[in-house]
Amino acid sequence: MTVLDRFLRYVAVDTRADESSTTCPSTPGQLVLQRLLAEELRAIGLADVNVDDNGYLMATVPATPGCDAPIVGFIAHVDTSPEMSGANVKPLVHRAWDGRDIVLPDDASAVLRAADYPELAAQVGNDIVTASGGTLLGADDKAGVAAIVAAAAHLVGHPGITHGPIRIGFTPDEEIGRGADKFDVARFGAVCAYTLDGGSPGELEFESFSADVLRVTFGGFNTHPGYAQGRMVNAIKAAARFVDRLPPDLSPETTSGYDGYVHPYQVEASVDRTSVRVLLRDFVTSRLREQQALVESLAGAVAAETGTRVEVDVKEQYRNMREVLDRHPAVVERARAAVRAAGLTPIEKPIRGGTDGSRLSFMGLPTPNLFAGEHNFHSRLEWTSRQDLEAAVRTVVQLARIWAT
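Residues numbered from 1 in each chain as written. Predicted model: local features only at pLDDT ≥ 70, side-chain atom pairs only at ≥ 80, totals over all residues. Heavy atoms only, no water.

**Topic: the overall build of the chain**
Here is step 1 of the chain: Broken down by element type, the chain carries 11 helices and 17 strands.
Here is step 2 of the chain: Expected size for 405 residues packed as a compact globule is a radius of gyration near 22 Å; at 23 Å, the chain falls within 12% of this value.
Here is step 3 of the chain: In terms of its C-alpha atoms, the chain occupies a principal-axis envelope of roughly 80 × 50 × 40 Å.
Here is step 4 of the chain: Residues classed as buried in the chain amount to 55% of the 405 residues present.
Here is step 5 of the chain: Sequence separation of 24 or more characterises 80% of the internal contacts of the chain that already satisfy a separation of 6 or more.
Here is step 6 of the chain: As displayed, the chain has an accessible area near 16700 Å², and 51% of this comes from carbon and sulfur atoms. (Helix = DSSP H or I, 4+ residues; strand = E, 2+ residues; numbered from the N terminus. Rg over C-alpha atoms; globule rule 2.2 N^0.38 Å. Buried < 20%, exposed > 50% of the residue type's maximum accessible area, 1.4 Å probe, protein only. Contact = heavy atoms within 4.5 Å. Areas by Shrake-Rupley, 256 points an atom, 1.4 Å probe, with all protein chains shown as cover.)

See the structure below:
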(Lines give C-alpha, C1' and ligand atoms only; values in the text may rest on other atoms or scores of the structure.)
Protein backbone atom coordinates (compact mmCIF):
# COMPACT_ATOMS: atom_id res chain seq x y z
CA MET A 1 0.00 0.00 0.00
CA THR A 2 1.08 3.57 -0.61
CA VAL A 3 1.13 6.05 2.25
CA LEU A 4 -2.06 7.57 0.84
CA ASP A 5 -3.74 4.14 0.77
CA ARG A 6 -2.85 3.65 4.40
CA PHE A 7 -4.06 7.10 5.40
CA LEU A 8 -7.43 6.64 3.69
CA ARG A 9 -7.86 3.35 5.52
CA TYR A 10 -7.04 4.80 8.93
CA VAL A 11 -9.35 7.82 8.78
CA ALA A 12 -12.33 5.51 8.28
CA VAL A 13 -11.96 4.37 11.91
CA ASP A 14 -13.65 6.64 14.45
CA THR A 15 -11.03 7.38 17.13
CA ARG A 16 -12.48 10.54 18.63
CA ALA A 17 -11.17 10.96 22.19
CA ASP A 18 -13.52 11.54 25.14
CA GLU A 19 -12.34 13.75 27.99
CA SER A 20 -15.16 12.58 30.26
CA SER A 21 -14.11 8.93 30.00
CA THR A 22 -12.09 7.31 32.79
CA THR A 23 -10.79 4.44 30.65
CA CYS A 24 -7.53 4.21 28.74
CA PRO A 25 -7.92 4.57 25.85
CA SER A 26 -10.91 6.82 26.35
CA THR A 27 -12.87 5.36 23.40
CA PRO A 28 -13.01 1.83 21.91
CA GLY A 29 -12.32 2.97 18.35
CA GLN A 30 -8.75 3.76 19.30
CA LEU A 31 -8.15 0.10 20.15
CA VAL A 32 -9.77 -0.92 16.86
CA LEU A 33 -7.25 1.18 14.95
CA GLN A 34 -4.31 0.03 17.07
CA ARG A 35 -5.15 -3.60 16.32
CA LEU A 36 -5.46 -2.82 12.62
CA LEU A 37 -2.05 -1.14 12.74
CA ALA A 38 -0.58 -4.12 14.57
CA GLU A 39 -1.78 -6.40 11.76
CA GLU A 40 -0.19 -4.14 9.15
CA LEU A 41 3.13 -3.96 10.97
CA ARG A 42 3.25 -7.74 11.31
CA ALA A 43 2.46 -8.04 7.60
CA ILE A 44 5.42 -5.75 6.87
CA GLY A 45 7.62 -8.22 8.75
CA LEU A 46 7.97 -6.79 12.25
CA ALA A 47 7.99 -9.52 14.86
CA ASP A 48 7.71 -7.71 18.20
CA VAL A 49 4.46 -5.79 17.66
CA ASN A 50 2.57 -5.28 20.91
CA VAL A 51 -0.61 -3.44 21.89
CA ASP A 52 -0.79 -3.25 25.68
CA ASP A 53 -3.87 -3.15 27.91
CA ASN A 54 -3.93 0.65 27.83
CA GLY A 55 -3.95 0.87 24.04
CA TYR A 56 -0.31 1.78 23.43
CA LEU A 57 1.31 0.13 20.42
CA MET A 58 5.06 -0.46 20.23
CA ALA A 59 7.11 -2.25 17.58
CA THR A 60 10.65 -2.38 16.19
CA VAL A 61 12.17 -2.20 12.73
CA PRO A 62 15.35 -4.26 13.29
CA ALA A 63 18.70 -2.71 12.48
CA THR A 64 20.37 -3.64 9.24
CA PRO A 65 23.01 -6.34 9.83
CA GLY A 66 26.21 -4.99 11.32
CA CYS A 67 24.79 -1.57 12.22
CA ASP A 68 25.22 -0.68 15.90
CA ALA A 69 23.60 2.77 15.76
CA PRO A 70 21.53 3.88 18.78
CA ILE A 71 17.83 3.11 18.99
CA VAL A 72 15.69 5.98 17.67
CA GLY A 73 11.91 6.23 17.92
CA PHE A 74 9.04 7.64 15.87
CA ILE A 75 5.73 8.39 17.59
CA ALA A 76 2.24 9.45 16.51
CA HIS A 77 -1.19 9.43 18.17
CA VAL A 78 -4.23 7.55 16.90
CA ASP A 79 -7.00 9.60 18.53
CA THR A 80 -8.73 12.61 17.01
CA SER A 81 -10.03 15.78 18.62
CA PRO A 82 -13.19 15.62 20.74
CA GLU A 83 -14.15 19.03 19.33
CA MET A 84 -15.46 17.63 16.04
CA SER A 85 -17.10 14.38 14.97
CA GLY A 86 -14.82 11.68 13.59
CA ALA A 87 -17.59 9.19 12.83
CA ASN A 88 -18.24 8.03 9.27
CA VAL A 89 -15.42 10.09 7.80
CA LYS A 90 -15.68 10.10 4.01
CA PRO A 91 -12.27 11.11 2.65
CA LEU A 92 -12.18 12.69 -0.80
CA VAL A 93 -9.07 12.85 -2.99
CA HIS A 94 -9.03 15.88 -5.27
CA ARG A 95 -6.53 14.74 -7.90
CA ALA A 96 -4.21 17.31 -9.49
CA TRP A 97 -6.04 20.15 -7.78
CA ASP A 98 -6.40 23.12 -10.12
CA GLY A 99 -6.54 25.86 -7.51
CA ARG A 100 -10.28 26.47 -7.58
CA ASP A 101 -12.40 26.54 -4.42
CA ILE A 102 -13.11 23.10 -2.98
CA VAL A 103 -16.77 22.90 -1.88
CA LEU A 104 -17.30 19.94 0.44
CA PRO A 105 -20.38 18.02 -0.71
CA ASP A 106 -22.03 17.34 2.67
CA ASP A 107 -22.10 21.03 3.64
CA ALA A 108 -22.05 23.71 0.96
CA SER A 109 -20.90 26.27 3.53
CA ALA A 110 -17.68 24.32 4.06
CA VAL A 111 -15.38 25.71 1.38
CA LEU A 112 -11.59 25.49 1.11
CA ARG A 113 -10.26 28.59 -0.65
CA ALA A 114 -6.66 29.12 -1.63
CA ALA A 115 -7.15 32.82 -0.92
CA ASP A 116 -7.83 31.99 2.74
CA TYR A 117 -4.99 29.52 3.26
CA PRO A 118 -1.52 30.33 1.86
CA GLU A 119 -0.28 26.79 2.52
CA LEU A 120 -3.13 25.48 0.34
CA ALA A 121 -2.25 27.88 -2.47
CA ALA A 122 1.19 26.22 -2.64
CA GLN A 123 -0.45 22.85 -3.41
CA VAL A 124 -1.75 23.55 -6.92
CA GLY A 125 -1.22 20.40 -9.00
CA ASN A 126 -1.07 18.16 -5.93
CA ASP A 127 -3.61 15.58 -4.77
CA ILE A 128 -5.56 17.22 -1.94
CA VAL A 129 -7.40 15.06 0.60
CA THR A 130 -10.40 16.42 2.52
CA ALA A 131 -13.38 15.04 4.39
CA SER A 132 -16.87 15.54 2.98
CA GLY A 133 -17.95 18.49 5.15
CA GLY A 134 -19.69 16.87 8.11
CA THR A 135 -16.65 15.66 10.05
CA LEU A 136 -12.99 16.33 10.55
CA LEU A 137 -10.61 14.39 8.32
CA GLY A 138 -8.32 12.96 10.99
CA ALA A 139 -5.00 13.99 9.46
CA ASP A 140 -4.18 15.03 13.03
CA ASP A 141 -2.59 12.60 13.60
CA LYS A 142 -3.38 9.76 11.23
CA ALA A 143 -1.13 11.47 8.69
CA GLY A 144 1.73 10.91 11.12
CA VAL A 145 0.65 7.31 11.74
CA ALA A 146 0.50 6.59 7.99
CA ALA A 147 3.90 8.17 7.35
CA ILE A 148 5.57 6.10 10.07
CA VAL A 149 4.03 2.82 8.90
CA ALA A 150 4.94 3.58 5.27
CA ALA A 151 8.49 4.49 6.27
CA ALA A 152 8.82 1.23 8.22
CA ALA A 153 7.63 -0.71 5.16
CA HIS A 154 10.15 1.16 2.99
CA LEU A 155 13.06 0.41 5.32
CA VAL A 156 12.15 -3.28 5.54
CA GLY A 157 11.76 -3.46 1.76
CA HIS A 158 15.07 -1.68 1.05
CA PRO A 159 17.75 -3.45 3.10
CA GLY A 160 20.42 -1.41 1.33
CA ILE A 161 19.47 1.60 3.49
CA THR A 162 21.67 1.28 6.57
CA HIS A 163 19.88 2.11 9.81
CA GLY A 164 19.90 1.20 13.47
CA PRO A 165 16.95 -0.18 15.43
CA ILE A 166 13.84 1.94 14.87
CA ARG A 167 11.20 1.94 17.57
CA ILE A 168 7.60 2.77 16.65
CA GLY A 169 5.09 4.08 19.20
CA PHE A 170 1.42 4.88 18.62
CA THR A 171 -0.33 6.49 21.57
CA PRO A 172 -3.99 7.03 22.54
CA ASP A 173 -5.66 10.15 23.89
CA GLU A 174 -3.09 12.80 22.98
CA GLU A 175 -5.89 15.21 22.13
CA ILE A 176 -7.15 15.20 25.72
CA GLY A 177 -3.67 15.53 27.24
CA ARG A 178 -3.22 11.90 28.28
CA GLY A 179 -1.02 10.56 25.48
CA ALA A 180 2.09 10.24 27.64
CA ASP A 181 0.32 9.18 30.84
CA LYS A 182 1.03 5.47 30.47
CA PHE A 183 3.85 5.57 27.92
CA ASP A 184 6.61 3.23 29.15
CA VAL A 185 9.80 5.10 28.25
CA ALA A 186 12.04 2.32 29.60
CA ARG A 187 10.26 -0.34 27.53
CA PHE A 188 10.41 1.89 24.46
CA GLY A 189 14.17 1.91 24.96
CA ALA A 190 15.17 4.69 22.55
CA VAL A 191 17.77 7.41 23.10
CA CYS A 192 15.41 9.94 21.53
CA ALA A 193 12.25 10.04 19.45
CA TYR A 194 10.39 12.24 16.99
CA THR A 195 6.67 12.81 16.96
CA LEU A 196 5.11 13.27 13.52
CA ASP A 197 2.30 15.64 14.36
CA GLY A 198 2.85 18.86 12.44
CA GLY A 199 1.92 20.79 9.34
CA SER A 200 3.71 21.86 6.18
CA PRO A 201 6.66 19.95 4.69
CA GLY A 202 9.90 20.94 6.36
CA GLU A 203 8.42 21.96 9.71
CA LEU A 204 10.61 21.10 12.69
CA GLU A 205 9.40 22.11 16.15
CA PHE A 206 11.51 21.83 19.28
CA GLU A 207 9.88 24.31 21.62
CA SER A 208 6.33 24.31 22.91
CA PHE A 209 4.18 26.14 25.37
CA SER A 210 4.43 25.36 29.04
CA ALA A 211 0.89 24.69 30.17
CA ASP A 212 -1.28 24.55 33.27
CA VAL A 213 -5.05 24.43 33.68
CA LEU A 214 -7.00 26.15 36.46
CA ARG A 215 -10.47 25.41 37.73
CA VAL A 216 -12.01 28.56 39.24
CA THR A 217 -15.15 27.68 41.20
CA PHE A 218 -17.59 30.24 42.57
CA GLY A 219 -19.96 29.12 45.31
CA GLY A 220 -23.27 30.94 45.64
CA PHE A 221 -26.62 30.32 47.31
CA ASN A 222 -29.71 29.21 45.45
CA THR A 223 -33.30 29.68 46.54
CA HIS A 224 -36.67 30.12 44.85
CA PRO A 225 -36.28 33.13 42.52
CA GLY A 226 -39.70 34.44 43.52
CA TYR A 227 -38.51 34.91 47.08
CA ALA A 228 -34.80 35.53 46.45
CA GLN A 229 -34.50 39.18 47.45
CA GLY A 230 -31.60 39.63 49.84
CA ARG A 231 -30.94 35.90 49.92
CA MET A 232 -29.86 34.56 46.52
CA VAL A 233 -26.16 34.72 45.62
CA ASN A 234 -25.78 33.87 41.93
CA ALA A 235 -22.53 32.05 41.14
CA ILE A 236 -23.25 32.25 37.40
CA LYS A 237 -23.19 36.04 37.49
CA ALA A 238 -19.98 36.03 39.53
CA ALA A 239 -18.30 33.73 37.00
CA ALA A 240 -19.50 35.92 34.13
CA ARG A 241 -18.02 39.00 35.81
CA PHE A 242 -14.73 37.14 36.36
CA VAL A 243 -14.49 36.06 32.70
CA ASP A 244 -15.29 39.58 31.52
CA ARG A 245 -12.35 40.95 33.54
CA LEU A 246 -9.70 38.71 31.99
CA PRO A 247 -7.34 40.98 30.01
CA PRO A 248 -8.25 41.05 26.29
CA ASP A 249 -4.57 41.25 25.31
CA LEU A 250 -3.96 37.91 27.02
CA SER A 251 -6.53 35.96 24.99
CA PRO A 252 -5.85 33.47 22.18
CA GLU A 253 -7.70 35.77 19.77
CA THR A 254 -5.16 38.57 20.25
CA THR A 255 -1.85 36.70 20.64
CA SER A 256 0.60 34.98 18.31
CA GLY A 257 4.24 33.92 18.02
CA TYR A 258 5.85 33.78 21.45
CA ASP A 259 2.93 35.47 23.26
CA GLY A 260 1.29 33.53 26.05
CA TYR A 261 -2.41 33.58 26.86
CA VAL A 262 -5.08 33.02 29.52
CA HIS A 263 -8.09 31.25 28.02
CA PRO A 264 -11.43 30.41 29.68
CA TYR A 265 -12.72 27.49 27.66
CA GLN A 266 -15.27 25.50 29.62
CA VAL A 267 -18.04 26.45 32.07
CA GLU A 268 -20.18 24.24 34.31
CA ALA A 269 -22.89 26.53 35.58
CA SER A 270 -25.59 26.70 38.21
CA VAL A 271 -26.70 29.42 40.61
CA ASP A 272 -25.28 27.50 43.55
CA ARG A 273 -21.94 26.55 42.00
CA THR A 274 -20.22 27.58 38.77
CA SER A 275 -16.80 26.41 37.61
CA VAL A 276 -14.70 27.98 34.88
CA ARG A 277 -11.78 26.05 33.41
CA VAL A 278 -8.95 28.32 32.34
CA LEU A 279 -5.90 27.41 30.26
CA LEU A 280 -2.58 29.09 31.10
CA ARG A 281 0.03 29.09 28.33
CA ASP A 282 3.48 30.64 27.95
CA PHE A 283 6.87 29.68 26.50
CA VAL A 284 8.58 30.84 29.71
CA THR A 285 7.48 28.45 32.45
CA SER A 286 7.91 30.97 35.27
CA ARG A 287 5.28 33.22 33.70
CA LEU A 288 2.62 30.61 34.40
CA ARG A 289 2.88 31.60 38.07
CA GLU A 290 2.29 35.23 37.08
CA GLN A 291 -0.77 34.22 35.07
CA GLN A 292 -2.04 32.13 37.97
CA ALA A 293 -1.59 35.05 40.37
CA LEU A 294 -3.54 37.30 37.98
CA VAL A 295 -6.44 34.83 37.76
CA GLU A 296 -6.52 34.34 41.53
CA SER A 297 -6.51 38.10 42.12
CA LEU A 298 -9.36 38.73 39.70
CA ALA A 299 -11.38 35.83 41.08
CA GLY A 300 -10.84 36.99 44.66
CA ALA A 301 -11.93 40.53 43.84
CA VAL A 302 -15.10 39.28 42.13
CA ALA A 303 -15.91 36.99 45.05
CA ALA A 304 -15.62 39.91 47.46
CA GLU A 305 -17.87 42.09 45.31
CA THR A 306 -20.57 39.44 44.80
CA GLY A 307 -20.61 37.70 48.16
CA THR A 308 -19.62 34.37 46.64
CA ARG A 309 -16.97 31.94 47.79
CA VAL A 310 -14.15 31.08 45.39
CA GLU A 311 -11.76 28.15 45.08
CA VAL A 312 -8.89 27.91 42.58
CA ASP A 313 -7.28 24.56 41.76
CA VAL A 314 -4.26 24.27 39.46
CA LYS A 315 -3.07 21.26 37.50
CA GLU A 316 0.22 21.02 35.62
CA GLN A 317 -0.20 19.82 32.03
CA TYR A 318 3.16 19.99 30.23
CA ARG A 319 6.33 22.06 29.95
CA ASN A 320 8.34 23.63 27.12
CA MET A 321 10.27 20.78 25.50
CA ARG A 322 13.11 23.15 24.63
CA GLU A 323 14.20 23.10 28.27
CA VAL A 324 15.24 19.48 27.63
CA LEU A 325 16.13 19.56 23.93
CA ASP A 326 18.69 22.35 24.38
CA ARG A 327 20.71 19.74 26.27
CA HIS A 328 20.52 17.33 23.30
CA PRO A 329 21.48 19.43 20.26
CA ALA A 330 22.25 16.41 18.05
CA VAL A 331 18.61 15.30 18.23
CA VAL A 332 17.47 18.53 16.58
CA GLU A 333 20.45 18.92 14.25
CA ARG A 334 19.97 15.46 12.74
CA ALA A 335 16.31 16.28 12.12
CA ARG A 336 17.41 19.40 10.24
CA ALA A 337 19.79 17.30 8.17
CA ALA A 338 17.05 14.78 7.39
CA VAL A 339 14.65 17.49 6.23
CA ARG A 340 17.32 18.81 3.87
CA ALA A 341 18.18 15.30 2.66
CA ALA A 342 14.50 14.82 1.82
CA GLY A 343 14.73 17.81 -0.52
CA LEU A 344 13.04 20.30 1.80
CA THR A 345 13.94 23.49 3.64
CA PRO A 346 13.68 23.33 7.44
CA ILE A 347 10.92 25.55 8.83
CA GLU A 348 11.53 26.09 12.53
CA LYS A 349 8.85 27.68 14.68
CA PRO A 350 7.44 27.30 18.17
CA ILE A 351 4.42 25.09 18.81
CA ARG A 352 1.57 27.19 20.18
CA GLY A 353 0.37 24.09 21.98
CA GLY A 354 1.90 20.82 23.06
CA THR A 355 2.53 17.33 21.77
CA ASP A 356 3.24 14.01 23.42
CA GLY A 357 6.87 15.05 22.96
CA SER A 358 6.44 17.94 25.39
CA ARG A 359 5.87 15.49 28.24
CA LEU A 360 8.02 12.65 26.93
CA SER A 361 11.03 14.95 26.82
CA PHE A 362 10.69 15.52 30.57
CA MET A 363 10.17 11.78 31.09
CA GLY A 364 13.66 11.07 29.75
CA LEU A 365 12.94 10.73 26.04
CA PRO A 366 14.01 13.88 24.12
CA THR A 367 11.30 14.25 21.47
CA PRO A 368 10.98 17.14 19.00
CA ASN A 369 8.14 17.29 16.49
CA LEU A 370 8.23 16.85 12.70
CA PHE A 371 5.67 17.72 10.05
CA ALA A 372 3.15 15.18 8.77
CA GLY A 373 1.13 17.29 6.34
CA GLU A 374 -1.67 18.26 8.74
CA HIS A 375 -3.64 21.43 7.98
CA ASN A 376 -6.71 23.09 9.56
CA PHE A 377 -6.53 20.91 12.66
CA HIS A 378 -9.79 19.93 14.42
CA SER A 379 -11.95 21.34 11.64
CA ARG A 380 -14.38 20.27 8.93
CA LEU A 381 -11.92 22.04 6.60
CA GLU A 382 -9.02 19.82 7.67
CA TRP A 383 -6.91 18.62 4.75
CA THR A 384 -3.62 17.05 3.71
CA SER A 385 -2.07 16.06 0.40
CA ARG A 386 -0.50 12.94 -1.03
CA GLN A 387 2.70 14.88 -1.67
CA ASP A 388 2.93 16.08 1.94
CA LEU A 389 2.46 12.53 3.20
CA GLU A 390 5.18 11.28 0.87
CA ALA A 391 7.53 14.04 2.02
CA ALA A 392 7.01 12.93 5.63
CA VAL A 393 7.89 9.34 4.67
CA ARG A 394 11.09 10.51 2.95
CA THR A 395 12.08 12.52 6.01
CA VAL A 396 11.62 9.57 8.38
CA VAL A 397 13.69 7.33 6.10
CA GLN A 398 16.44 9.93 5.85
CA LEU A 399 16.46 10.46 9.59
CA ALA A 400 16.86 6.73 10.20
CA ARG A 401 19.77 6.71 7.76
CA ILE A 402 21.45 9.78 9.28
CA TRP A 403 21.36 8.33 12.79
CA ALA A 404 23.25 5.32 11.42
CA THR A 405 26.01 7.46 9.94
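Next, the rest of the story.
**Quick notes on the sheet that holds strand E7 (residues 128-130)**
Here is step 1 of the chain: Read from one edge to the other, the open sheet built from three strands follows the order E4-E7-E17, with strand pairing classed as antiparallel. This sheet does not close on itself; its edge strands, each paired only once, are strand E4 (92-94) and strand E17 (383-385). Within the sheet, the average angular offset between the axes of one strand and its neighbour, ignoring direction, is 25°.
Here is step 2 of the chain: Here E7 runs beside E17; their pairing, made up of three bridges, is antiparallel. (Pairing = 2+ DSSP bridges. Axes fitted to C-alpha atoms, helices over the stretch in contact; angles between N-to-C directions.)

**Some details on the layout of surface pockets**
Sizing a probe to match a water molecule and rolling it over the atoms shows the empty space that remains.
Here is step 1 of the chain: Quantified by volume, the largest pocket comes out at close to 1500 Å³.
Here is step 2 of the chain: Counting residues per element, the ones that place at least two in the lining of the largest pocket are strand E9 (192-198), strand E10 (203-205), strand E12 (261-268), strand E13 (273-282), strand E14 (309-318) and helix H10 (356-362).
Here is step 3 of the chain: Split into classes, the residues belonging to the lining of the largest pocket amount to 10 nonpolar, 15 polar and 20 charged. (1 Å grid on protein atoms, 1.4 Å probe; cavity = no way out; pocket = protein on both sides within 12 Å on 5 of 7 lines; lining within 4 Å. Points joined across faces, edges and corners; volume = space filled by probe spheres on them. Nonpolar A, V, L, I, M, F, W, Y, C, P; charged D, E, K, R; others polar.)

**Describing the pairing of strand E3 (residues 72-77)**
Consecutive side chains along a regular strand alternate between the two faces of the sheet.
Here is step 1 of the chain: Counting buried positions over the six residues of E3 gives six, a clear majority of the element.
Here is step 2 of the chain: The alternating pattern of E3 places Val72, Phe74 and Ala76 and Gly73, Ile75 and His77 on opposite faces, both of which are buried.
Here is step 3 of the chain: Here four bridges tie E3 to E9, and the two strands are oriented parallel to one another. Residue glycine 73 lies in a different strand from E9, and its bridge partner there is alanine 193.

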